[in-house]
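Structural overview
Residue strings, one per chain:
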2 protein chains.
Amino acid sequence: MELKEALDRLGQLEHTLYAYRYAMGVMSYDSETAAPELAAEGRGEALGTLSEVEYQLTAGPETGLLLEALEQHKEQLTTQQAAQLRVLKKQYDMYSKVPAAEVVEYTKLLNKSAVVWRKAKNENDFAAFAPYLEQLVETSKRFAGYFAPDKHPYDAWLDQYEPGMTRKELDGFFALLRSRIVPLLHRIQTEGQAPDISWLQQHWPREGQEKLSAKVMEIMGLTNGRCTLGETEHPFTTGFSRDDVRITTHYYDEDFTFSLFSVVHEGGHALYEMGVSPRLARTSLSGGASMGIHESQSRFYENLIGRSRAFAGVIWPVVRECFPAQTENVTEEQFWRTINRVEPSLIRTEADELTYCLHIMVRYELEKQLFDGTMQVKDLPAAWNRLMEEYLGVQVPDDTRGVLQDTHWSGGSFGYFPSYALGSAYGAQMMASMRKDLDVDALVAQGSLQPVTDWLGEKIHQYGEEHTPDWLLQNACGAAFDPAFYVKYLEEKYTMVYGLQ
Amino acid sequence: MELKEALDRLGQLEHTLYAYRYAMGVMSYDSETAAPELAAEGRGEALGTLSEVEYQLTAGPETGLLLEALEQHKEQLTTQQAAQLRVLKKQYDMYSKVPAAEVVEYTKLLNKSAVVWRKAKNENDFAAFAPYLEQLVETSKRFAGYFAPDKHPYDAWLDQYEPGMTRKELDGFFALLRSRIVPLLHRIQTEGQAPDISWLQQHWPREGQEKLSAKVMEIMGLTNGRCTLGETEHPFTTGFSRDDVRITTHYYDEDFTFSLFSVVHEGGHALYEMGVSPRLARTSLSGGASMGIHESQSRFYENLIGRSRAFAGVIWPVVRECFPAQTENVTEEQFWRTINRVEPSLIRTEADELTYCLHIMVRYELEKQLFDGTMQVKDLPAAWNRLMEEYLGVQVPDDTRGVLQDTHWSGGSFGYFPSYALGSAYGAQMMASMRKDLDVDALVAQGSLQPVTDWLGEKIHQYGEEHTPDWLLQNACGAAFDPAFYVKYLEEKYTMVYGLQ
């Protein structure tokens, strides 16, 4: 195939994939926001038909031939075209190298596992879920052997979520956290001055929370006609193009800060999606570079900006406007210390900024051992509980609030968790670099987030998935990933919040 | 092709069409409810790709061969299979018989016309829209010649929206309205006791309106996990299957009855969609039989039930609960007379139950003459204004509030308007028939709408698009369409509301 023909076909393939993914993405968003409960079956059938087409487009023989042809002209491809080839090839390998019959079996296993896990979690019955988890681990290991035979199976899955990431690098990352954050937590608990958070225990009317969301959207630059805010059980972001991004939140009457920081977090994801260059529109590169890089943007806004002392000065007056009665006797300082309190907890999704990464460390160590074969599924609950006590100092009372809490494993997502912690660490490193170019605190204190977003846009957002996480970090920070920035940031911040010596 | 193979392919085709229509339907619903403003372009591209596939499935040569094969086995088809063939064949003829190049030109014309019409309406500039309207009429006439060469072009388009409907039948229908409703309106205006509606001019908080909507959904049996209520600029209903129906409303601070009757109206559409038999799921027959039959169900609930004296007794206590302060000095009788006031107006979508059909009559007469060639586009405004004065007694001050008010013509929808009036008339005939089986007033007074919905379900809803409007009326009423029921209903009702002798 001539280069010109191959490029034409590549363009067509990307446009067609875009259309199917747009449709399935909107159907999925709709299912969480607007669809009636009993719509699931009919939607499932429609999704089945469309995803069959998407599968053919991604892993079919025609696509295989096209990718081979592009491979042969590799030297003549532009950076963007080469990146399109890389991303499409990775998907092709992933989907085409696993025997179709095994994919069918795996899909059935996933459907069943989701149901069994939910029941097991509700009934605190790990034994019921264990055989499914064993099969999920076994299948994931086998599949890794098909699509990345030269890699350790856990590295193969890490690479799916965080291109280039390995156990070796993560071992170093988590060893540093273990040696520095576990002791820091201990010091906070024994020597720290805990903030008074009793003021938070009030009723926070929905109307005020909605007003606050609208104001946050404005401050973050999300009111540009390209992003909307919806309401779902669990907040999330989904983006179909730079001009079509949806974020969601959830309002709890008893705590306005949940929705506040959900909007800031999802808003960070949204700014990334909206910042991808128009030249990557309708290609496989129009989304984020990796789970970790995406999470770096959301956590950058949520924690490094949103929970900063400077931002408290911007958002507290707005909070007071939205809830005048409830905030009458609370100071900005109290607010800031409240939103930065450290409380080791059982549940990852409720964790504070500091202990969050320790939750991830527990999961990483267990996943690695499961894939190494040094851990049996049946021994997971005891190991989980031991690590939770060791790192977070909490006693796990049951598996519902322990090893069964997260949906990820029942969905076959192994190697996904580390990206949450990586995101925070990437973000801290980017902040250190940004501070060389911008007086971040001064800007944030004025409520001027645009220069911050512009900096991230120039260094990260515009490239979408054109470059790897490594390249992006190098581009933004002039260096490879270095978790020392993250540890330093946490130590400095919490020394200040908790008045440590 | 053997019958068995043809039927297998028919099933596959219907399932595939279902998936694409589901996707495009959700994308369209999403565009009205949740999508950001600037998402339009990206959505348009995705819709373009998917509708190209839908077009091939509907009008492609493979489908042509399949329909031919089914045609040859016609005697062996079940009623349902024959109906599927009928509906698919009609779509096939419609789309495949118009030369592709002309379809492309027409699509461009529609896109341009929509923009030009909106501007012309805003600027009261009919002359700007006139050349586009001329082309739209000409193209519609030409297309009718392609897909229904044996019919008068206007009859061909009527048949698209209301299978079997003709100018001949509509002429009789509207002649009856002209001879009976125009004089009735005149009597109301000269002899009637107008209700005091001044109490309506208050602020109606959104919270109360939302509560009222929720209660109406409950009373109508729409809270079954198969229907949701959304919010849009203009209320509408869209259904993807009997288990997945969406209705929308719009809240106006200055008038709670708009949303109230929007929910009842759209709820009637929703009950129809939810009442289609499961055996028709994922076929071309799973929606309503025609525009007119669909409208008969929505207007049945909105007017024949919703604005009845009996229903006022059910809904007024709920209104009082939602707005205690605003309704303190208002009686149920006042409420009922207020929601049935007659006020000839300029705008169709704001018209009351009685004068609504006169708005339609104006449009019908003009469309017919445009298609006959007895009316030039340039003469439309004057003709419009003359008819509005003759039938409704109103002076049209400008084309914005006159001939330019509706979007339909700019979208190439000619022959669509009559279905609105037909719906009301069908509904009145069904009510007369229902009264022979049920004590409707007593049931409604108790708030028991289920037997009413069950009756409609048995006679109409369950059949989806399996049968024609004629067949359904015969099934429900034991007779062909007879507009006398509608006129009698309106005369009796408004004699009572306005205390005429």
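Quick notes on the rules
Residues numbered from 1 in each chain as written. Chains lettered and ligands numbered in written order. Predicted model: local features only at pLDDT ≥ 70, side-chain atom pairs only at ≥ 80, totals over all residues. Heavy atoms only, no water. Helix = DSSP H or I, 4+ residues; strand = E, 2+ residues; numbered from the N terminus. Rg over C-alpha atoms; globule rule 2.2 N^0.38 Å. Buried < 20%, exposed > 50% of the residue type's maximum accessible area, 1.4 Å probe, protein only. Least-squares fit on C-alpha atoms with pLDDT ≥ 70 in both. Contact = heavy atoms within 4.5 Å. Pairing = 2+ DSSP bridges. Axes fitted to C-alpha atoms, helices over the stretch in contact; angles between N-to-C directions. Parallel < 35°, antiparallel > 145°, perpendicular 65-115°, else oblique. Buried area = accessible area lost by both parts, 1.4 Å probe. Salt bridge = Lys/Arg side-chain N within 4 Å of Asp/Glu carboxyl O. Expected span 1.5 Å × (residues − 1). Polar contact = N/O pair within 3.5 Å; in protein donor to acceptor, adjacent residues only side chain to side chain. Phe/Tyr/Trp six-rings, centres within 6.5 Å; stacked < 30°, edge-to-face > 60°. pLDDT = per-residue confidence, 0-100. Disulfide = S-S within 2.5 Å.

Structural notes on the overall build of chain A
A tally of helices and strands in chain A yields 20 helices and three strands. The C-alpha radius of gyration computed for chain A amounts to 23 Å, which stays within 12% of the reference 23 Å derived for 501 residues, consistent with globular compactness. Overall size of chain A, expressed as C-alpha extent along the three principal axes, is 70 × 50 × 50 Å. Considering chain A as a whole, with its 501 residues, one finds that 58% of them fall into the buried category.

Some words on the relation of the copies chain A and chain B
Mapping chain A onto chain B is achieved by rotating through 180° and translating by 0.0 Å along the same axis, at an RMSD of 0.1 Å. What we have between these two chains is a two-fold relation. Taking the C-alpha atom as reference, chain A places Ala23(A) closest to the rotation axis, 2.9 Å from it. Comparing interface residues between copies, 100% of those in chain A also sit at the interface in chain B, which points to an isologous, same-surface contact.

Re the pairing of strand S3 (residues 244–249) of chain B
Residues and elements named next belong to chain B. Within S3, six of the six residues are buried, leaving the element largely enclosed by the surrounding structure. With burial as the criterion, each face of S3 is covered, one bearing Asp 244, Arg 246 and Thr 248 and the other bearing Val 245, Ile 247 and Thr 249. Counted between consecutive antiparallel strands, the loop separating strand S2 (residues 237–241) from S3 contains two residues.

A few points about the packing of helix H7 (residues 153–161) of chain B against helix H14 (residues 353–372) of chain B
Working note: a packed helix pair is described by the angle between its axes plus the distance between those axes. All names here are of chain B. In the contact formed by H7 and H14, the axes pass within 9 Å of each other and the chain directions differ by 130°. Overall, the two elements H7 and H14 adopt an arrangement that is oblique. Only Tyr 364, Glu 367, Lys 368 and Phe 371 of H14 make contact with H7, whose side of the interface consists of Pro 153, Tyr 154 and Trp 157.

Considering the interface of chain A and chain B
Listed by partner, the interface residues are 35 residues for chain A and 35 residues for chain B. Approximately 2600 Å² of surface area, both sides summed, lies buried where chain A meets chain B, with 62% of it carried by carbon and sulfur atoms. If you sort the residues of chain A by the area they bury against chain B, Tyr22(A), Pro36(A) and Leu38(A) come out on top, with a joint share of 18%. At the junction of chain A with chain B, the criterion picks out four salt bridges.

Things to note about helix H5 (residues 100–122) of chain B
Residue and element names in this part refer to chain B. With 23 residues, H5 extends 34 Å from end C-alpha to end C-alpha; this agrees with the ideal 33 Å at 1.5 Å per step. For H5, every residue scored as buried is listed here: Glu 102, Tyr 106, Leu 109, Ser 113, Val 116, Trp 117 and Ala 120. Summarising the contacts, the buried residues of H5 are in contact with helix H6 (126–147). Of the residues trailing H5, Asn 124 is marked for its positive phi of about 50°.

Re the side chain of Ser259(A)
All names here are of chain A. Among the structural elements, Ser 259 can be located in helix H10 (residues 256–275). Looking at Ser 259, its side chain comes within polar contact range of the side chain of Thr 249, at 3.0 Å. Not counting residues within four places of it along the chain, the set of residues in contact with Ser 259 comprises Gln 209, Ser 213, Thr 249, His 250 and Tyr 251.

Structural notes on the packing of aromatic side chains
Across all of its chains, the model carries 63 aromatic pairs over all chains by this definition. Taking the centre distance of 6.3 Å and the plane angle of 85° together, the rings of Trp384(A) and Trp409(A) count as edge-to-face. Of this pair, Trp384(A) sits in helix H15 (residues 380–392) while Trp409(A) sits in the loop between H15 and helix H16 (418–437); the two residues are 25 residues apart in sequence, bridging distant segments of the chain. The buried category is assigned to Trp384(A), whose relative accessible area is 1%. Note on Phe256(B) and Phe323(B): the rings are 5.5 Å apart at their centroids and 45° apart in plane angle, and the pair reads as tilted. Of this pair, Phe256(B) sits in helix H10 (residues 256–275) while Phe323(B) sits in the loop between helix H12 (309–322) and helix H13 (332–338), placing them 67 residues apart in sequence.

Comments concerning the sheet that holds strand S1 (residues 227–231) of chain B
Residue and element names in this part refer to chain B. With mixed pairing, the three strands of this open sheet are ordered in space as S1-S3-S2. Edge strands, defined here as strands with exactly one partner in the open sheet, are S1 and S2. In this sheet, adjacent strand axes meet at a mean angle of 20° when their direction is disregarded. Taken together, the five bridges between S1 and S3 define a ladder with parallel strand orientation.

Here we look at helix H3 (residues 61–72) of chain A
Residue and element names in this part refer to chain A. Taking 1.5 Å per residue, 12 residues should reach 16 Å; H3 reaches 17 Å between its end C-alpha atoms and fits that length. Those residues of H3 that sit buried are Thr 63, Gly 64, Leu 66, Leu 67, Ala 69 and Leu 70. On its buried face, H3 sits against helix H1 (3–33), helix H2 (40–59) and helix H4 (79–96).

Focus: the confidence of the model for chain A
Mean pLDDT over chain A: 97, with 100% of residues reaching 70 or higher. The complex prediction reports pTM at 0.94, with the ipTM value standing at 0.92.

A short note on the environment of Ala46(B)
Along the chain, Ala46(B) falls in helix H2 (residues 40–59). Among the residues examined, Ala46(B) registers a relative accessible area of 0% and is labelled buried. In this structure, the C-alpha to C-alpha distance between Ala46(B) and Met24(B), residues 22 residues apart in sequence, is 9.2 Å. For Ala46(B), the residues in contact, after removing those within four places along its chain, are Tyr18(A), Ala19(A), Tyr22(A) and Met27(B).

A few points about the side chain of Thr327(A)
Residues and elements named next belong to chain A. Here Thr 327 is to be found in the loop between helix H12 (309–322) and helix H13 (332–338). The exposure class of Thr 327 is buried, given its relative accessible area of 0%. Excluding residues that lie within four positions of it along the chain, Thr 327 makes contacts with Trp 204, Trp 316, Val 319 and Arg 320.

Here's the deal with the state of the cysteines
All names here are of chain B. Within this structure, the stated rule accounts for zero disulfides over all chains. Here Cys 357 stays unpaired: no disulfide links it, and the sulfur of Cys 477, its closest cysteine neighbor, is 19 Å away. Residue classification places Cys 477 among the buried residues on the basis of a relative accessible area of 13%.

As for the environment of Leu13(A)
Residues and elements named next belong to chain A. When you line up the elements, Leu 13 lands in helix H1. What makes Leu 13 buried here is its relative accessible area of 8%. Residues Leu 13 and Pro 61, 48 residues apart in the sequence, show an inter-C-alpha distance of 13 Å. With near-sequence residues (within four places) excluded, Leu 13 lies in contact with Leu 57, Thr 63, Leu 66 and Leu 88.

Section: the sheet that holds strand S1 (residues 227–231) of chain A
All names here are of chain A. The mixed open sheet is built from three strands, whose spatial order is S1-S3-S2. Unpaired on one side and paired on the other, S1 and strand S2 (237–241) mark the two borders of the sheet. Here the average twist between neighbouring strands, direction ignored, is 20°. Across four bridges, the pairing between S2 and strand S3 (residues 244–249) is antiparallel.

Considerations on the pattern of salt bridges
On inspection of all chains with the given rule, the structure shows 75 salt bridges over all chains. We note a salt bridge from Asp243(B) to Arg226(B), for which the minimum N-O separation is 3.6 Å. In this pair, Asp243(B) is assigned in the loop between S2 and S3 and Arg226(B) in the loop between helix H9 (206–219) and S1, connecting sequence segments 17 residues apart. Take Arg226(B): its relative accessible area is 16%, and that puts it in the buried class. Through salt bridges with shared partners, a single network forms among Asp30(A), Asp244(B) and Arg246(B).

So, unusual backbone geometry
A positive phi angle, near 60°, is found at Arg282(A), a position not held by glycine. Positionally, Arg282(A) belongs in the loop between H10 and helix H11 (291–305). A positive phi is found at Asn124(B), a non-glycine position, where the angle reads about 50°.

A few points about the environment of Leu473(A)
Residue and element names in this part refer to chain A. Summarising the element assignment, Leu 473 is placed in helix H19 (residues 469–477). Residues Leu 473 and Leu 3, 470 residues apart in the sequence, show an inter-C-alpha distance of 32 Å. Residue contacts for Leu 473: discarding those within four places in its chain leaves Tyr 426, Gln 429, Met 430, Gly 478, Ala 479 and Phe 481.

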